[in-house]
Amino acid sequence: MQASELFKQSNTILLDGGMGTMLQASGLKLGAKPEELNITNPELIESIHAKYAAAGSRIVNANTFGASAHKLAGSAYSLEEIIAAGIANCKRACAPYGALTTLDVGPLGELLEPSGTLAFEDAVNEYARIVRAGVAAGADLIFFETFTDLYELKAALLAAKENSTLPILASMSFEAGGRTFTGCTVESFGVTARGLGANAVGINCSLGPKEIYPMAKRLAEAVPGDFPVFVKPNAGLPRADGSGYDITPQLFAMEMKPYRDLHLFAAGGCCGTTPDFIKLLNGVFAGCVPGRPAHKMPSVLCSPVDFVNVDGITVVGERINPTGKKRFQQALREGDMNYILEQAVSQVEAGAQVLDVNVGAPGVDEPAMMPKVVKALQSVTSLPLQLDSSNVQALENGLRVYNGKPIVNSTNGEQEKLDAILPLCKKYGAAIVGLAIDERGILPAAEDRVDIARRITEAALAAGIPREDIYIDCLTLTASAQQKDVLATVQALEACKKELGVRTILGVSNISFGLPCRPYLNTTFLTMAMYAGLDLAIMNPSSEEMMAAVYAYNVLTNRDEQSTRYIERYASRVPASVALKQAAQAAPAASASSSSSGESAELTGPYAPLMKAVEKGLKGDAAAQTRALLETKQPLDVVDEALIPALDIVGAKYEKGTLFLPQLLQAASAAQSAFEEIKTAIAKKGEGSASKGRIVLATVKGDVHDIGKNIVKVILENYGFEVLDLGRDVPVETVVNTVREKDVHLVGLSALMTTTLKSMEETIAALHEAKLDCKIMVGGAVLTPEYAEKIGADWYAKDAKRSADIAKEFFGAQ
Amino acid sequence: MIGAPQPLVLEKPAAIDTAQAARYFGARGTPDESTMALLEKCAVPLLAAATPRAVWLEADVDALAEAGILRGGDVMKHLEGCPQALLLAVTLGPAVDAQIRCAGVGDIAAGVASDALGSALAEQAAEAAEAELRQWAAKEGKYLTGRFSPGYGDWDIAVQPLVANALDTVRRAGLCVTDTNLMTPRKSVTAILGVSDHPVKGKLAGCGHCVLRTRCEYRKRGKTCASE
């Protein structure tokens, strides 16, 4: 068989079975590196491949599964040597049978960010090295298998597409619950891997044929009927006594029979299977023709964990967008990721299903910011993202690091734009928003907008983007300015849906600019658009009126069967208007009770309520008191007269041992929410900042324990310092470069483990060597004042309180 | 002989031990109401995010020593009188790390509380795994020591990759070890238990070799981390 004929076979092809199983049977010691045998015992490896080829395997995996730099650490051979020998062994065995040799590639053995420390681009580079070695050695195809992290699979697929033209089979391992260890669903895998250019998708390892079957069925349904699907199950489940797997070749063959219905492209075995298992599969799959009938493909957006089937109205949160928001723009310029993440978390809580992400603002390096924000968002939420930018490079950078299948917002009908954006969506497997606008601007007539939409749709199809991934935006016009054209948007939307068979999207809130009581207009327009067939509504999910319209619409159109979701959301609520009335009646009573129950009786004056709220760690109360104070007081006065004194009181009690870390932190959280109000007020006024000094914080290279550093960050911010938080596992150069570029004179480093103290020492040495005018404070559980001095730190901070004292001392003296 | 790694089916605990979490959070004595309320609130999504998994194997102590896994006197003392030992790895999975990050967004108290809850839950999962292993031992007519983990006493944390490799934790539990010997997902535990044909207690290392011995808050109060 030629590799080019691979997907044109008239019968299901047989893959091979377990390699580890065969090696253990021939006496491989546990813990030894099986890939080294490619060089130390090529005859053994070749003989195993030959047994599989003789049994009927026509795609045979070279013994290269663990040939990665991390897994081969300490080996006498390079991964290139091991791969070259492995491919050669396999090719020799395959030749007499006309079987194909794969470069077999498994996970790298390191967890990727955000849970682990391996950076995405480093993973791409590691896989690129493996792929290049396989191509050079003459592999016929590439087989990524046993992946459990979709992000790692994406790195592998990008590396394969960018460094070879070989066909790619991609396979993940699922647990009985239908998810991988990292929570990835079968559907997210199928959709994402296909989008990224895998030529076939499959499931291997972990379970036996019986357990994998329902998942394989789901996988087959997640991809088009003509898209190749394969399986490589284990020989059943592991026996309880650890002595191998529980089914025989005959039982395995019997359990594989149902797979005929899935019209697999290929089938084989994984752990515990041997050539005897494969031999019996010849009969099982005799006359089985690959490929299933075509079925309607859903419109899907996903992260590994969350799979959104856009079938009916779907809410896209609009709040991650700095347009017209000074505080957001400031946060972007300062790299204040926490502010951006708060916008995300609150929208998730409000019920958004997708989050729009726009980071374009004056003074922001959008291509650099987009991937940072995408990674940060995906570290705290599993909602799919809509990457929103007019900057092509920003879109590409965001697409590259996104984990799953995102949607791009947007292209329009201009040829230049289509040429730039569509290939990106194709390469990264993204859905696309097409604005029904071109060089001529927004055309008033519905037909004209539909014409542009048709052109966009045709261009997208031609670029290889399937129809179900095309979302047309017919553009919401502002009722106050173009009232007579508002209906044209709804009409165009309806026509696009019917005539073009595409999905639709609208930025709903634009409708009401310049008019009072905007939610009324937004909600009515949203309802009109939903009835015309709107799929994605870009809106503020915190607007309860609009969310209620969405939930109610789903009841009235019989999508929310038995009104289940509506009841779940609203059973214990009252309508917003009633709630307001109730709150107004209750408010005076509440404030009266809070003023009568003050514990710190000594506190009086205008700042006392805020100080009490901080002391007691009441987040919501602290924010509300701050808002009230800001109506009459200067923001910086609130910091100096209320926040800092309150934190000092709490800090003193903590030092005395009359209160402990939980209370200190709850006070810090309350101060955090107060500070957020202050920053917003300052940004609104557009005057300066609240910063009392700029400090770089980092958890050193190799250390993933950043809780202590995060505490220090919040406390320092609460005292009015500006913190550049470099995160955890921070390379030495990043610290040095930031200190230099941002002109920083105080650095805080943390390390929790004895093993990472070395990184701390190296970071300090590098800062000194660079002759930067900066002082360094260090902290962490295993540090001592003596050790801090020994490694050249200027201060040892035993806790967060001390770090704030050091900062006050330092900036006070300056 | 180092046996093949085997999965251990773990039931997710019905609730997180919030009293233990309060101690990890830094509370002393009986935690106040607001601290407990915060822990209770954070415990719900954290427990939901957890997917506890465990894998273990049985091996000859000599073989483990030969493989470089048993370094340092303390662990050898713990295994005294035990010709065999069990290696164990338990992880709560990456979604717990994600939930801790998420809880900490804009609310440091909730972030640290969630981290403490994660530690308490990891300990509960390790206890549950140990209980399973004790049942196995009882059936075999064998006795087990308590758990002893890499990094404790003078058992060099550098053995962590070897332990993970022997247990094939990447493939069997999604548990990886970084180049700096840290486990990811973070809320994970590895340990060794001695196996003998007569009752054995093992020997905890005590504070003598602990890296925290000079600054330990428990020691300052005349206690140990095991006793409180």
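Source: prediction; values computed, not measured. (Residues numbered from 1 in each chain as written. Chains lettered and ligands numbered in written order. Predicted model: local features only at pLDDT ≥ 70, side-chain atom pairs only at ≥ 80, totals over all residues.)

Trainee: What should I look at first to understand the overall build of chain A in this one?
Mentor: For chain A, the helix and strand inventory stands at 30 helices and 23 strands. By the compact-globule yardstick of 28 Å for 814 residues, chain A fits well, its C-alpha radius of gyration being 30 Å. Taking the principal axes of its C-alpha atoms as reference, chain A extends roughly 90 × 75 × 50 Å. In chain A, buried positions account for 56% of the 814 residues. A separation of at least 24 residues holds for 76% of the contacts in chain A among residues at least 6 apart in sequence. (Helix = DSSP H or I, 4+ residues; strand = E, 2+ residues; numbered from the N terminus. Rg over C-alpha atoms; globule rule 2.2 N^0.38 Å. Buried ≥ 20, exposed ≤ 12 C-beta atoms within 10 Å, placed from the backbone. Contact = placed C-beta atoms within 7 Å.)

Trainee: Whenever I open this one, the overall build of chain B confuses me. Can you help?
Mentor: Each helix and strand counted, chain B has nine helices and seven strands in total. For 228 residues, the compact-globule estimate of 2.2 N^0.38 gives 17 Å, and the C-alpha radius of gyration of chain B, at 18 Å, lies within 12% of that figure. Viewed in the frame of its principal axes, chain B has a C-alpha envelope of about 50 × 40 × 35 Å. Counting all 228 residues of chain B, 53% fall into the buried class.

Trainee: Looking at this model, I keep getting lost on the packing of helix α17 (residues 486–500) of chain A against helix α18 (residues 518–532) of chain A. Mind explaining?
Mentor: In a packed pair of helices, the relevant descriptors are the angle between the two axes and the axis-to-axis distance. Residues and elements named next belong to chain A. The geometry of α17 relative to α18 is characterised by a closest axis approach of 9 Å and an angle of 25 degrees between their N-to-C directions. Classified by the angle their axes make, α17 and α18 are roughly parallel. As for the relative orientation of α17 and α18, their crossing is right-handed in sense. Contacts from V490, L493 and E494 in α17 reach M528, A529 and A532 in α18. Of the residues in the contact of α17 with α18, the class split is five nonpolar, no polar and one charged. (Axes fitted to C-alpha atoms, helices over the stretch in contact; angles between N-to-C directions. Parallel < 35°, antiparallel > 145°, perpendicular 65-115°, else oblique. Left-handed = near helix turned anticlockwise from the far one by under 90°. Nonpolar A, V, L, I, M, F, W, Y, C, P; charged D, E, K, R; others polar.)

Trainee: Explain unusual backbone geometry here, please?
Mentor: Each neighbour pair has its own omega, and for E113 of chain A with P114 of chain A the value is 0 degrees, a cis peptide bond. Checked against the element boundaries, P114 of chain A lands in the loop between β3 (100–105) and α5 (120–137). With an omega of -5 degrees, the peptide bond between T184 of chain B and P185 of chain B qualifies as cis. Mapped onto the fold, P185 of chain B is located in the loop between β6 (183–184) and β7 (188–196). In the Ramachandran plot, C205 of chain A falls in the positive-phi region, its phi being about 65 degrees despite a non-glycine side chain. For C205 of chain A, the location among the structural elements is in the loop between β6 (200–204) and α8 (209–222). One non-glycine residue with positive phi stands out, namely L475 of chain A, at about 70 degrees. Locating L475 of chain A in the fold gives a position in the loop between β16 (470–473) and α17.

Trainee: Where do I start with the interface of chain A and chain B in this structure?
Mentor: As a measure of interface size, the accessible area lost when the parts come together is often cited. Each partner contributes to the interface: chain A provides 47 residues, whereas chain B provides 51 residues. Considering every element that reaches the side of chain A that touches chain B, the biggest residue donor is helix α25 (residues 661–685) of chain A, with seven residues. When grouped by side-chain class, the residues that make up the side of chain A that touches chain B number 20 nonpolar, 23 polar and four charged.

Trainee: Just to check I follow, could you spell out the sheet that holds strand β7 (residues 229–232) of chain A for this structure?
Mentor: Strand pairing in a sheet relies on backbone hydrogen bonds. The paired strands run either parallel or antiparallel. Residue and element names in this part refer to chain A. As summarised here, the arrangement of the eight strands in space is β1-β8-β7-β6-β5-β4-β3-β2, forming an open sheet in which the pairing is parallel. Each edge of the open sheet carries a strand with a single partner, namely β1 (13–14) and β2 (59–61). Where β6 and β7 come together, four bridges link them in parallel fashion. Residue I203 lies in a different strand from β7, and its bridge partner there is V231. Sitting on the sheet, helix α4 (residues 79–94) touches β2 and β3, and the angle it makes with β3 is about 150 degrees. (Pairing = 2+ DSSP bridges.)

Trainee: What is the right way to read the pairing of strand β18 (residues 536–539) of chain A from this model?
Mentor: Residues and elements named next belong to chain A. The alternating pattern of β18 places L536 and I538 and A537 and M539 on opposite faces, both of which are buried. The pairing of strand β11 (residues 314–320) with β18 spans four bridges and is classified as parallel. In the strand pairing of β18, V316 is matched with I538. Where strand β17 (residues 503–507) and β18 come together, three bridges link them in parallel fashion. Bridge pairing in β18 places G507 opposite I538. Once you follow β17 into α18 and on to β18, the crossover reads as right-handed. (Right-handed = clockwise from strand over helix to strand, strands pointing away.)

Trainee: So what exactly am I meant to see when it comes to the environment of R172 of chain B here?
Mentor: All names here are of chain B. Tracing the backbone through its elements, the reader meets R172 in helix α8 (residues 169–173). A tally of 18 C-beta atoms within 10 Å means that R172 is categorised as partly exposed. Considering only alpha carbons, one finds R172 and Q84, 88 residues apart in sequence, at a separation of 23 Å. Once residues within four sequence positions are removed from consideration, R172 is found in contact with P5, P7 and V55.

Trainee: What is the right way to read the nonpolar core from this model?
Mentor: Across soluble globular proteins, nonpolar side chains have a tendency to be buried as a group. Grouped together as the largest cluster of nonpolar side chains are 344 residues, with contacts concentrated most on V229, I432 and V614 of chain A. Tallying contributions element by element places helix α6 (residues 108–140) of chain B first for this core, with 14 residues. The residues touching I432 of chain A, leaving out its near neighbours within four places in the chain, are I407, V408, T411, I421, L422, C425, A460, I465, D469, I470 and Y471 of chain A. (Core = buried A, V, L, I, M, F, W, Y, C linked by C-beta atoms within 7 Å.)

Trainee: Hey, could you run me through the confidence of the model for chain A in this one?
Mentor: Detailed reading of the predicted model is not advised wherever pLDDT is low. Across chain A, the average pLDDT comes to 93, with 97% of residues at or above 70. Here residues 589–600 of chain A scores under 50 on pLDDT; set against residues more than four positions off or in separate chains, the count is four contacts. (pLDDT = per-residue confidence, 0-100.)

Trainee: Honestly, the domain arrangement of chain A in this entry has me stumped. Any pointers?
Mentor: One can read the domain layout of chain A as domain 1 (11–284), domain 2 (300–576), domain 3 (601–674) and domain 4 (694–813). Here the C-alpha centroids of domain 2 of chain A and domain 3 of chain A sit 39 Å apart. (Domains from an automatic or database assignment.)

Trainee: How should the packing of α25 of chain A against α6 of chain B be read in this particular structure?
Mentor: Direction vectors running N to C along α25 of chain A and α6 of chain B enclose 140 degrees, while the axes themselves pass 7 Å from each other. Counted together, L665, Q666, A668, S669 and Q672 of chain A of α25 of chain A and I108, A109, A110 and V112 of chain B of α6 of chain B form the full contact between these two elements. Partitioning the contact of α25 of chain A with α6 of chain B into residue classes produces six nonpolar, three polar and no charged.

Trainee: Please explain the pairing of strand β21 (residues 746–750) of chain A as it appears in this structure.
Mentor: In regular strands, side chains alternate between the two faces of the sheet. Residues and elements named next belong to chain A. Within β21, five of the five residues are buried, leaving the element largely enclosed by the surrounding structure. Alternating residues of β21 divide into L746, G748 and S750 and V747 and L749, and every residue in both groups is buried. The pairing of strand β19 (residues 694–699) with β21 spans five bridges and is parallel. When the sheet's bridge partners are listed, A698 is paired in β21 with L749. Bridge analysis of β21 against strand β22 (residues 775–779) gives five bridges, and the strand direction is parallel. Residue L749 lies in a different strand from β22, and its bridge partner there is V778. Each parallel crossover has a hand, and the one from β21 via helix α28 (residues 757–769) to β22 is right-handed.

Trainee: Help me understand helix α14 (residues 392–401) of chain A, please; the structure alone is not making it clear to me.
Mentor: The α-helix winds at 3.6 residues per turn, so residues separated by three or four positions along the chain end up facing the same way. All names here are of chain A. Extensive coverage of α14 is indicated by the burial of seven of its 10 residues. Buried within α14 we find A394, L395, E396, N397, G398, L399 and V401. Its buried side turned inward, α14 meets α5, α13 (366–380), β13 (385–388), β14 (407–412) and α15 (415–428).

Trainee: I keep staring at the confidence of the model for chain B and nothing clicks. Help me out?
Mentor: Residue and element names in this part refer to chain B. Of the residues in chain B, 99% have a pLDDT of 70 or more, and the chain-wide mean is 91. Looking over chain B, one finds the lowest element-wise mean pLDDT in helix α9 (residues 217–220), namely 76, and the highest in strand β3 (residues 84–91), namely 97. Interface predicted TM-score (ipTM) for the complex: 0.89; the corresponding pTM is 0.92.

Trainee: Could you clarify how one ought to interpret the environment of L133 of chain B in this entry?
Mentor: Residue and element names in this part refer to chain B. In this structure, L133 sits in helix α6. Assessed through the 21 C-beta atoms surrounding it within 10 Å, L133 is described here as buried. Among residues more than four places away in sequence, those in contact with L133 are W56, L86, L88, L144 and L193.

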